[in-house]
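Here is what each chain is made of, one letter per residue.
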Amino acid sequence: MMRVILAPLRASAIALRNPDALVVDYEGQCIRRGADRIVLGRGRKPTQLFRICVAMCCSVGRSIGREDLLDAMFGDDLYGGPLHAESVLAKNLTHTRPFRAWAGLTIKRSIAGRLDVSETTPRRHAHGPSFRISLHGVWPVGAAA
């Protein structure tokens, strides 16, 4: 079973000690595995993409509802998010494909409209652990990059 560690401080040291675990770094808005990290946002406010990826990481082996993902994206919004929140969620789920391949996550839609999150083998680049993939305009940075 995949381990997910929510690390408020010293996430890089925790990730190096636990190379098989996904370490969520809220300060840097990135998710780490060993020496690799994927940056999913910049600035003080976590991006919607970062929030969806964290919600999926914390739901491995279970199913997560669309309302849970919407709450993760727009839970702190005073107005509850945009009127077209469902389409924003669908667009962001499409943009998580490279992250899911890197993290070793797959999602399948169930009959009840929920998303089943399961674990697969993470995809590694042929030239070593450091690589770049495009995530909605944000470039993940590996250890040697």
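Here goes a summary of the coordinates provided. (Residues numbered from 1 in each chain as written. Predicted model: local features only at pLDDT ≥ 70, side-chain atom pairs only at ≥ 80, totals over all residues. Heavy atoms only, no water.)

Here we come to unusual backbone geometry. Phi at Gln 29 takes a positive value of approximately 50°, unusual for a residue other than glycine. Mapped onto the elements, Gln 29 comes out in the loop between β2 (22–25) and β3 (30–33). Note on Gln 29: relative accessible area 2%, which makes it buried. (Helix = DSSP H or I, 4+ residues; strand = E, 2+ residues; numbered from the N terminus. Buried < 20%, exposed > 50% of the residue type's maximum accessible area, 1.4 Å probe, protein only.)

The next thing to look at is the sheet that holds strand β6 (residues 105–109). On the basis of which strands lie adjacent, the open sheet formed by three strands has the order β5-β7-β6 and antiparallel pairing. Edge positions in the open sheet fall to β5 (63–64) and β6, since each of these has one partner strand only. One ladder, built from two bridges, connects β5 with strand β7 (residues 115–119); its direction is antiparallel. Bridge assignment links Ser 63 to a residue of β7, and that residue is Asp 116. (Pairing = 2+ DSSP bridges.)

The next subject is the side chain of Asn 92. Tracing the backbone through its elements, the reader meets Asn 92 in helix α4 (residues 85–95). Given a relative accessible area of 6%, Asn 92 falls into the buried group. With residues near it in sequence (within four places) discarded, Asn 92 still touches Gln 48, Leu 49, Ile 52 and Met 73. (Contact = heavy atoms within 4.5 Å.)

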